[in-house]
Amino acid sequence: MNFKQFLRKTIRIVLPLALGCILLWYLYRDQNLSEMMTVIKTGVRYDILCGSLLFGLFANAVRGFRWALLIDSLGKKVRWLNCVLAVYGNYAINMALPRVGEIWRCGIISKYEKVPFAKLLGTLFIDRVMDTLVVGLLTLCTALFNIAFFKRYFADHPEFLDGINRLLTSVWIYVAIAVLVVVIWLIFTKLSHLPFVAKIKEVLLNVWEGIKSLWKMKHKPRFILQTLLIWAAYFLYFYVTFYAFDFTRDLGMRIALIAFTMSSIAVAIPIQGGIGVWHFAVISTLVIFGVHESDASAFALIVYTIQSVLCLVIVGILSIFALSIINRKE
C-alpha cells in the first residue's frame, strides 16, 4: 500500500469519527456534569437496560436468519449460524469503520460458504432496501400522526430544511448527475472491450442476480414476517429503556416511537455507529416533549454506551472469534 492509499483510507476512517466526536462534544459541552452524574449513579435501573439488550440480540439474530433465507434463494444453501454470527460481527466492525462491516460479512460468508462475493452484495442490497422501506414507512406514519412535533422540530432546527433546500436548488447537483450518467454510458458503450470494464459488467450482473433473489424466493411470507420481527424488536430494544429512567417512564409509546424513528434516520449517516447524530436526534426529541436537557443528555449517553458500545462491540468481537473456531477446517 502506497502513501496515497494509506492517507485516503485513514481519512475515510478518521473523518467520519471526528465529525461524530465533534457533534458529541458540541451536545455535551454546556451540560451540567454533576446533574448527569447524579442520573448515572442513582437515576437508572440498570437491570432494565440489561434486559433491553435481549431484544437487540434477538433482532440481529433474526436479521441473520433473513439473510440466510435470501442467500438460499440463490440456490446456495448456507449455515444459518454463520450468517447470524456474521451479522453480529458486522455491527462491531461498523463501530470502528463505517459501512465496512457490510463488506466484511459478505467476504466472510463468501469464504466459508463458497458463495460468490458479488451475489452476496446483491442480497445485502435487498437487506438494506427493506430497512430503508421500513424506516421510510415509520417516518411517514410518524409524520402523519405527529405533524405538530415535526413543525416544532424543524422550527427549532432550521439548519436541516436549509441544507435540504440548498441541495435541491443547487444547479451543480444536477450537473454532477448528468456528467455521471454520460461517463457511465461512455464507459459501457465505447470501452466495453477493455478487460476492467468487462470485469465491472460481470460484477454488476452478479449483484443483479443477488437482487433478483427476492423474486425467486420460495418463502416470501417468512421474509416479510422476519422483517417485521426485526423492526418490532428494534423498537422494543429502544422503548424498554424508557422504563429505566424516572423522567421517561411516563412518556408513553407514541413519544418513544417518535424518538425511535428520529434515531433510526440518524444512524443512516455514515458515521461510526451513528455516534453524535444518534445522541442529537434522541436528545432534541426528548427535550421537545418536556424532558430536561441534562436528563435527556444522560439518557442518550447511558443508553448508547450500554447498547451500542458495550453490547454490540463485545458480542460482535466474540462472534468474529466464534466464526473462526466454527469454520476452522475452512
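These numbers come from a predicted model, not from an experiment.

Asks: Explain the overall build of the protein to me, please; I cannot follow it from the model alone.
Replies: Helix and strand counts for the protein come out as 14 helices and 0 strands. Helices and strands in the protein line up, N terminus first, as α-α-α-α-α-α-α-α-α-α-α-α-α-α. In the protein, buried positions account for 43% of the 330 residues. Carbon and sulfur atoms make up 73% of the accessible area of the protein, which amounts to about 18,100 Å² in all.

Asks: Could you clarify how one ought to interpret the pattern of salt bridges in this entry?
Replies: Pairs can form between side chains of opposite charge whenever their charged atoms are close. Enumeration over the complete set of coordinates arrives at 12 salt bridges. Across the pair lysine 77 and aspartate 72 runs a salt bridge, and its minimum N-O distance is 3.6 Å. Linking glutamate 113 and arginine 79 is a salt bridge whose minimum nitrogen-to-oxygen distance equals 2.9 Å. Placement of glutamate 113 in helix 5 (residues 100-113) and of arginine 79 in the loop between helix 3 (46-72) and helix 4 (80-96) is noted, with a sequence separation of 34 residues between them. Residue glutamate 113 is classed as buried on the basis of its relative accessible area of 13%. A cluster of three or more residues bridged by salt bridges with shared partners is formed by Arg63, Arg66, Glu102, Arg105, Asp127, Arg128 and Asp131.

Asks: What is the right way to look at a nonpolar patch on the surface in this model?
Replies: A cluster of nonpolar residues, Val171, Trp172, Val175, Val179 and Val183, forms a patch on the protein surface that exposes about 480 Å² of accessible area. Here tryptophan 172 shows up in helix 9 (residues 171-190).

Asks: Before we go on, may I ask you to explain the packing of aromatic side chains in this structure?
Replies: For any pair of aromatic rings, geometry is given as the distance between the ring centres together with the angle between the planes. Under the criterion given, the structure shown has 15 aromatic pairs. Considering the side-chain rings of tryptophan 231 and phenylalanine 260, the 6.2 Å spacing of their centres and the 65 degrees angle between planes classify their relative orientation as edge-to-face. With a gap of 29 residues between them, tryptophan 231 in helix 11 (residues 220-239) and phenylalanine 260 in helix 12 (residues 253-266) connect regions that are remote in the sequence. According to the relative accessible area criterion, phenylalanine 260 is buried, its value standing at 5%. The ring of tryptophan 67 carries arginine 105 above its face, with NZ or CZ at 4.7 Å from the centroid.

Asks: Would you mind showing me how to read the side chain of arginine 66 here?
Replies: With respect to the secondary-structure elements, arginine 66 resides in helix 3. Accessibility expressed as a relative area gives 0% for arginine 66, which makes it buried. Leaving out residues up to four positions away in the same chain, arginine 66 has contacts with Asp127, Met130, Asp131, Phe223, Gln226, Thr227 and Ile230.

Asks: Would you mind showing me how to read the confidence of the model for the protein here?
Replies: For any part of a model where pLDDT is low, the fine detail of the predicted coordinates should not be relied upon. Taken residue by residue, the protein gives an average pLDDT of 80. The fraction at 70 or more is 76%. Helix 1 (residues 3-28) is the least confidently modelled element of the protein, averaging 61 in pLDDT, while helix 3 averages 93, the highest of any element.

Asks: Mind showing me how you'd approach the environment of leucine 228 here?
Replies: Counting through the fold element by element, leucine 228 comes out in helix 11. Residues leucine 228 and valine 134, spaced 94 residues apart in sequence, show a C-alpha to C-alpha distance of 8.6 Å.

Asks: Honestly, the packing of helix 6 (residues 117-145) against helix 12 in this entry has me stumped. Any pointers?
Replies: Between two packed helices, the angle of one axis relative to the other and the distance separating the axes together describe the packing. Contact geometry of helix 6 with helix 12 gives a least axis separation of 10 Å together with a crossing angle of 135 degrees. With respect to helix 12, the element helix 6 is oriented oblique. By crossing handedness, the relation of helix 6 to helix 12 is classed as left-handed. Touching Val135, Leu138, Thr139 and Thr142 of helix 6 are Leu257, Ile258, Phe260, Thr261, Ser264 and Ile265, all from helix 12.

What counts, and at which threshold
- Residues numbered from 1 in each chain as written.
- Predicted model: local features only at pLDDT ≥ 70, side-chain atom pairs only at ≥ 80, totals over all residues.
- Heavy atoms only, no water.
- Helix = DSSP H or I, 4+ residues; strand = E, 2+ residues; numbered from the N terminus.
- Buried < 20%, exposed > 50% of the residue type's maximum accessible area, 1.4 Å probe, protein only.
- Areas by Shrake-Rupley, 256 points an atom, 1.4 Å probe, with all protein chains shown as cover.
- Salt bridge = Lys/Arg side-chain N within 4 Å of Asp/Glu carboxyl O.
- Patch = residues over 30% accessible without salt bridge, like charges linked within 9 Å, V, L, I, M, F, W, Y side chains within 5 Å.
- Phe/Tyr/Trp six-rings, centres within 6.5 Å; stacked < 30°, edge-to-face > 60°.
- Lys NZ or Arg CZ within 6 Å of the ring centre and 35° of its normal.
- Contact = heavy atoms within 4.5 Å.
- pLDDT = per-residue confidence, 0-100.
- Axes fitted to C-alpha atoms, helices over the stretch in contact; angles between N-to-C directions.
- Parallel < 35°, antiparallel > 145°, perpendicular 65-115°, else oblique.
- Left-handed = near helix turned anticlockwise from the far one by under 90°.

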